[in-house]
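Close look at the chain arrangement
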Protein chains: 2
Amino acid sequence: MKNSPPPAFSAKQPINNVLYAQAGGVTAVINASAAAVIETVFANPNQFGTMYGAFNGIKGILEERLIDLSSLETEPLTAIKYQPGAIFKACRFDLDPLEHNPAQYERMLEIFKTYRIGTFFYNGGNGSMVTAQKVGDYCRQHNHPVNCIGVAKTIDNDLAISHCSPGFGSAAKYLASSFLEATLDTLSMHDTSTRFFVMETMGRNTGWLTLSAGLIKDVMPDVPLILLPAERPFNQTSFLNKVKQLIQQKGYCVCAVSEGLRNPQGDYLSIANIEHTHERDYTQLGGAGYTIAKLVSNTFNVKSHYAIPDYLQRSASHLVSKTDWQMAYDAGVAAVEAAKKGLHGVLPIVTITSAQPFAWQFKTIPLHEVANLEKTVPDEFISSDGMNLTEQALNYLRPLIQGERPVPFKNGLPDIPVIEFQEVSKKLPVFRAIK
Amino acid sequence: MKNSPPPAFSAKQPINNVLYAQAGGVTAVINASAAAVIETVFANPNQFGTMYGAFNGIKGILEERLIDLSSLETEPLTAIKYQPGAIFKACRFDLDPLEHNPAQYERMLEIFKTYRIGTFFYNGGNGSMVTAQKVGDYCRQHNHPVNCIGVAKTIDNDLAISHCSPGFGSAAKYLASSFLEATLDTLSMHDTSTRFFVMETMGRNTGWLTLSAGLIKDVMPDVPLILLPAERPFNQTSFLNKVKQLIQQKGYCVCAVSEGLRNPQGDYLSIANIEHTHERDYTQLGGAGYTIAKLVSNTFNVKSHYAIPDYLQRSASHLVSKTDWQMAYDAGVAAVEAAKKGLHGVLPIVTITSAQPFAWQFKTIPLHEVANLEKTVPDEFISSDGMNLTEQALNYLRPLIQGERPVPFKNGLPDIPVIEFQEVSKKLPVFRAIK
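Residues numbered from 1 in each chain as written. Chains lettered and ligands numbered in written order. Predicted model: local features only at pLDDT ≥ 70, side-chain atom pairs only at ≥ 80, totals over all residues.

Thoughts on the overall build of chain A
Quick note on the threshold: Helix and strand assignments come from DSSP, with helices taken as H or I runs of at least 4 residues and strands as E runs of at least 2, each series counted from the N terminus. Around each residue's C-beta, the other C-beta atoms within 10 Å are counted; 20 or more make the residue buried, 12 or fewer make it exposed, and counts in between make it partly exposed. All C-beta atoms are placed from the backbone. A residue pair is marked as a contact if its C-beta atoms, positioned from the backbone, fall within 7 Å.
Helices and strands together make up the secondary structure of chain A, namely 12 helices and 13 strands. In terms of principal-axis extent, the alpha carbons of chain A reach across some 80 × 45 × 40 Å. For chain A, the proportion of its 435 residues judged to be buried stands at 58%. When contacts within chain A are restricted to residue pairs at least 6 apart in sequence, long-range pairs at least 24 apart make up 75% of them.

Here's what the structure looks like:
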């Protein structure tokens, strides 16, 4: 990246600079959205001024950790589209309510004024984007016009109203492919070894990723399969009966379970409970797969194995869905188009324009319509016994995993050039986002 | 697969039929070896008669679960090379010592006589192949000449004398690629989220797979990395000091740990201990990653995450090393070449003929030379503090992960046609391998 001269500031300059930041858990394709925002802003120089990125989302903005992207060249911009993680680094950090911490909002206003930010794109989850809107509202009330636009992303697919979430299709493809391979492993070993294999997927309250493992039925229609989505309380008796029946019929059984599976009393089955008290964090899950595997082994005296892909499922840039990758790119383009129309407090969401061939477009809706909503798996996607998926679910999932993106490799490993971004020199006093 | 007419048997027919079976934990490329054996046998019709496969390794042979492969067509034979798992199904089952269970050996002789098996290829681990040799010796002592040839495979890379084991390079490539992606995830989130990420690799007594995660240094030379290979007892104090130092320096730390890591008292750190009492099985591991993650969280009050890829690492046919795939194929060819020379009780192993460009050939050695040996990671591959790998290790590992094999996909998932093999009609009385 070239160093660009510091922009000159004068009161007469228009407030047309752009700021982009990332928040929340990453997806394998979030950086395609980043590249799309940058490229589309660059393509509209009459409407937009200098393009900034921020490190660590809104926390980095408070701390004035900004990157001047105006001299970003084509080559790194292309590389960004293939990068896992969040290219500008993300955060799990939200602003406090205005009444509790007005200093944060004053600081945001100060940053936005200093850098003449007229458009703020926040690529994150529900909560983050609502916060961004609040900042925008505050700035507008204090005589600094800024449009805040959300860019959707989440592997959990829990974004309401939208047909699906950019990021989900790639995680679903990765999990289904990996589960298929591990199922063939189990199939080939079960006669004298493992009879029960379980893969734990992410998903605190929703079973979308767990259900995606069921896509292996397209390859193995008769696979002895159990899916335990977070939407259904774990019924130990029914589960064990089904395991017993499947092992009797087929010799083995494979299972996918949501990390957030709970028993009928509402307690997580997870054994993770890795203690830590980071003030802004939440209960950490992980380990439901172990609990389930141990239960089966102890009950039936059979060998079981469990896999916990954890971050691998949300960072597997070597196996993304081309459909999802394109959708993540389109989300970025749609956000810039909304900005060009002068919209504020909106989020482009996915609507389906054609089922066959599968085609979508982004439709802009007010952020408050999706705020604090969570899209769980609908009843008709889960079989009546609560432990499998329906044909309707398969019909929904299939289009999202279609297509493979070319994967650049170099010396045997994914070719992921680590791009170093340089922070702009700070103009404002130090501000500590976390005291 | 076509049905072929049952072979006619007469005392005058030569004993030149061939039997191939698979045993032990699978690799992502074991079926390339299977295809190589079949193709090379087919290419030598003057030397070899009917080609049989056996379900479930030596257990399936005892049970007369054989497949007549003579009519296997080109298309499934090509598909086999891309299949994860063991195409004929493997076993974790060994014959008892002759003096304890002569009936097993008599049965093997009966099978070999009935099917005129003149060559037996056993694609498995050390122990299995030694057993196969014992069977061959027994048959020869009882007037049935048979050559037993080993075909090497193991992701653990613990095969002695051989430069490496077919199957290891692919698991190493999968783990290094996945670890790189998860590291970039952690890098991008650590400021307000996970500061410690650990991936648990397979490896009961050897740290080869753990060390392979260190290949990410080729992309991120300064990555804050800790490797905990099984060869070094876990020193909690040194480990925690290093974690602290790296998090202070870089803000985060990533770690790979062998499932078989032990404390200085020799106890496994694993928490799996999934109880089961299958008579022929052994202590099951899994969970060292959880133990390590919990330790770091509890000690430093930071968020940590752990991934346990488990079977995903040995069945990831979507991400195999082309070098390893070729080597697995060559292992099968070398075994048939050894059979053509009339050798018995041998194993083709890998020797390096050129470092640059990397080139190998297979050299046939007597099985007893490798029996019951285990190749652990040499001292010079592990850094002096026991928690990283050396440049020598990188030099060793790099060539094994080079190259990508094209991955066939269909409807969004790896194109893995499930091939159904038909068992031959049994000619002998029922024999129960496990009472």
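Observations regarding the packing of helix α1 (residues 30-42) of chain A against helix α11 (residues 322-340) of chain A
Residues and elements named next belong to chain A. Inclusion rule: To define axes, lines are fitted to C-alpha atoms, for helices over the stretch in contact only, and angles between the resulting N-to-C directions are given on a 0 to 180 degree scale. With the far helix as reference, a near helix turned anticlockwise by less than a right angle produces a left-handed crossing, and one turned clockwise produces a right-handed crossing. Residue polarity is assigned by list, with Asp, Glu, Lys and Arg as charged and Ala, Val, Leu, Ile, Met, Phe, Trp, Tyr, Cys and Pro as nonpolar; anything else, Gly included, falls into the polar class.
Contact geometry for α1 and α11: axes closest at 7 Å, N-to-C directions at 35°. Between α1 and α11 the crossing geometry is right-handed. Across the interface between the two elements, I30, A32, S33, A34, A36, V37, T40 and V41 of α1 pack against W325, A328, Y329, A331, G332, V333, A335 and V336 of α11. For the contact of α1 with α11, a count of residues per class yields 13 nonpolar, 3 polar and no charged.

A few points about the relation of the copies chain A and chain B
Formally: We place the copies in one frame by least squares, fitting the C-alpha atoms of every residue whose pLDDT is at least 70 in both.
Aligned on chain B, chain A shows an RMSD of 0.0 Å; the corresponding rotation is 180° and the shift along the axis is 0.0 Å. Taken together, the rotation and translation relating the two chain copies correspond to the operation of a two-fold axis. Most of the interface of chain A is mirrored in chain B: 99% of its interface residues are interface residues there too.

Focus: the interface of chain A and chain B
If you look at the interface, chain A gives 77 residues, while chain B gives 77 residues. Top contributing element to the side of chain A that touches chain B by residue count: helix α6 (residues 168-189) of chain A, with 13 residues.

Observations regarding the domain arrangement of chain A
Residues and elements named next belong to chain A. What counts, and what does not: Domains are outlined according to an automatic or database domain assignment.
Entries for chain A in the domain assignment read domain 1 (17-165 + 319-372 + 405-414) and domain 2 (168-316 + 379-401). Averaged C-alpha coordinates put domain 1 and domain 2 at centres separated by 32 Å. Across the contact, 24 residues belong to domain 1 and 21 residues belong to domain 2. Considered class by class, the residues forming the side of domain 1 that touches domain 2 number 12 nonpolar, 8 polar and 4 charged.

Here we look at the environment of P348(B)
Residue and element names in this part refer to chain B. Position of P348 among the secondary structure elements: in strand β10 (residues 346-354). Residue P348 is classed as buried on the basis of its C-beta count, with 26 C-beta atoms lying within 10 Å. Once residues within four sequence positions are removed from consideration, P348 is found in contact with A331, A334, A335, A338, F362, K363 and T364.

With respect to the nonpolar core
The following threshold applies: Note on terminology: a nonpolar core is a set of buried residues of type Ala, Val, Leu, Ile, Met, Phe, Trp, Tyr or Cys, with members joined through C-beta atoms within 7 Å.
Grouped together as the largest cluster of nonpolar side chains are 290 residues, with contacts concentrated most on V37(A), A176(A), A335(A), V37(B), A176(B) and A335(B). Sequence-distant contacts of A176(B), defined by excluding residues within four places in its chain, comprise L413(A), S212(B), A213(B), L215(B), I216(B) and I401(B).

A closer look at helix α9 (residues 288-300) of chain A
Residues and elements named next belong to chain A. Defined as follows: Helix span is expected to be 1.5 Å times the residue number reduced by one.
In this model, α9 (13 residues) spans 18 Å end to end at C-alpha, consistent with the 18 Å of a helix rising 1.5 Å per residue. Among the residues making up α9, those that are buried are A288, G289, Y290, T291, I292, A293, L295, V296 and S297. Elements in contact with the buried residues of α9: β6 (194-201), α8 (236-250), β8 (253-258) and β9 (303-307). Once α9 ends, the next one or two residues include N301, with phi positive near 55°.

Here's the deal with the sheet that holds strand β7 (residues 225-228) of chain B
Residues and elements named next belong to chain B. Just so we agree on the cut-off: Whether two strands pair comes down to DSSP finding at least two bridges between them.
Spatially, 4 strands are ordered β7-β8-β6-β9 in an open sheet, and the strand pairing comes out parallel. Edge positions in the sheet fall to β7 and β9 (303-307), since each has one partner strand and no second. Going from strand to strand, the sheet's axes swing by 15° on average, the running direction of each strand aside. Bridging between strand β6 (residues 194-201) and β9 involves 5 bridges; their strand directions are parallel. Paired with T194 across the bridge in β9 is K303. Helix α9 (residues 288-300) rests against β6, β8 (253-258) and β9 of the sheet, and its axis sits at about 175° to β9.

Comments concerning the confidence of the model for chain A
Residue and element names in this part refer to chain A. Condition: Each residue carries a pLDDT value, the predictor's own confidence for that position, ranging from 0 to 100.
Looking at chain A as a whole, the pLDDT averages 92, with 94% of positions reaching at least 70. Residue range residues 1-9 is modelled with pLDDT below 50. Its contacts to residues more than four positions away, or to other chains, number 12 contacts. When the criterion is pLDDT under 50, residues 273-282 qualifies, and its contacts beyond four places in sequence or with other chains add up to 18 contacts. Interface confidence in the predicted complex, given as ipTM, is 0.95; pTM for the same model is 0.95.

As for unusual backbone geometry
Trans peptide bonds make up most of the peptide bonds, and negative phi angles are found at most residues other than glycine. Geometrically, the link from Q356(A) to P357(A) is a cis peptide bond, its omega value of 0° lying close to zero. On the secondary structure map, P357(A) appears in the loop between β10 (346-354) and β11 (359-366). For N143(B), which is not glycine, the phi torsion reads 70° and is therefore positive. Among the structural elements, N143(B) can be located in the loop between α5 (126-141) and β5 (147-152).

Examining the environment of F234(B)
Residue and element names in this part refer to chain B. Within the secondary structure, F234 sits in the loop between β7 and α8 (236-250). Note on F234: 23 C-beta atoms within 10 Å, which makes it buried. Note: C-alpha distance between F234 and I149 (85 residues apart in sequence) is 39 Å. F234 has contacts with L228, F239, L261, R262, N263 and L269, leaving out every residue within four places of it along the chain.

Focus: the pairing of strand β2 (residues 51-54) of chain B
All names here are of chain B. Heads up, the rule is: Clockwise travel from the first strand over the helix to the second, with the strands pointing away from the viewer, marks a crossover as right-handed.
Where burial is concerned, the two faces of β2 agree: the one with M51 and G53 and the one with Y52 and A54 are both buried. Pairing of strand β1 (residues 17-22) with β2, which is carried by 3 bridges, proceeds in the parallel orientation. Bridge pairing links L19 to Y52 in β2. Where the polypeptide runs from β1 across helix α1 (residues 30-42) and back to β2, its parallel neighbour, the crossover connection is right-handed. In this sheet, strand β3 (residues 66-68) lies alongside β2 in antiparallel orientation, the contact comprising 3 bridges. Note that in β3 the partner of A54 across the bridge is L66.

A look at the pairing of strand β7 (residues 225-228) of chain A
Residue and element names in this part refer to chain A. Neither face of β7 is left uncovered, since the one carrying L225 and L227 and the one carrying I226 and L228 both have all their residues buried. Two strands pair when backbone bridges link them, and β7 and β8 are joined in this way by 4 bridges, in the parallel orientation. Counterpart to L225 in the pairing with β8 is V254. One crossover worth recording links β7 to the parallel β8 by way of α8, and it is right-handed.

Some details on the sheet that holds β7(A)
All names here are of chain A. Judged by pairing direction, the sheet is parallel, and its 4 strands sit side by side in the order β7-β8-β6-β9 without closing on themselves. Each edge of the sheet is formed by a strand with only one pairing partner; in this case those strands are β7 and β9. Across this sheet, the average inter-strand angle for adjacent strands is 15°, counted without regard to direction. Sheet topology note: the β6/β8 ladder contains 6 bridges and is parallel. Among the inter-strand pairings, F196 is bridged to a residue of β8, identified as C253. Strand contacts of α6: β6, β8 and β9, with the helix running at about 170° to β6, the strand carrying the most contacts.

Brief notes about α11(A)
For α11(A), spanning 19 residues, the distance from its first C-alpha to its last is 27 Å, which sits close to the expected 27 Å at 1.5 Å a residue. G342(A) occupies a position one or two residues after α11(A) and carries a positive phi of about 80°.

Considering the packing of helix α4 (residues 102-114) of chain A against helix α5 (residues 126-141) of chain A
Residue and element names in this part refer to chain A. The cut-off we apply is this: Here roughly perpendicular refers to angles of 65 to 115 degrees, roughly parallel to angles under 35, roughly antiparallel to angles over 145, and oblique to all remaining angles.
Close contact between α4 and α5 brings their axes to 10 Å; oriented N to C, the two are set at 70°. The angle between α4 and α5 places the two elements in the roughly perpendicular class. Contacts from Y105, M108, L109 and F112 of α4 reach α5 at V135, Y138 and C139. In terms of residue class, the contact of α4 with α5 is built from 7 nonpolar, no polar and no charged.

Overview of the environment of A334(A)
As for its position among the elements, A334(A) is in helix α11. Excluding anything up to four places from it in sequence, A334(A) contacts P348(A) and F362(A).

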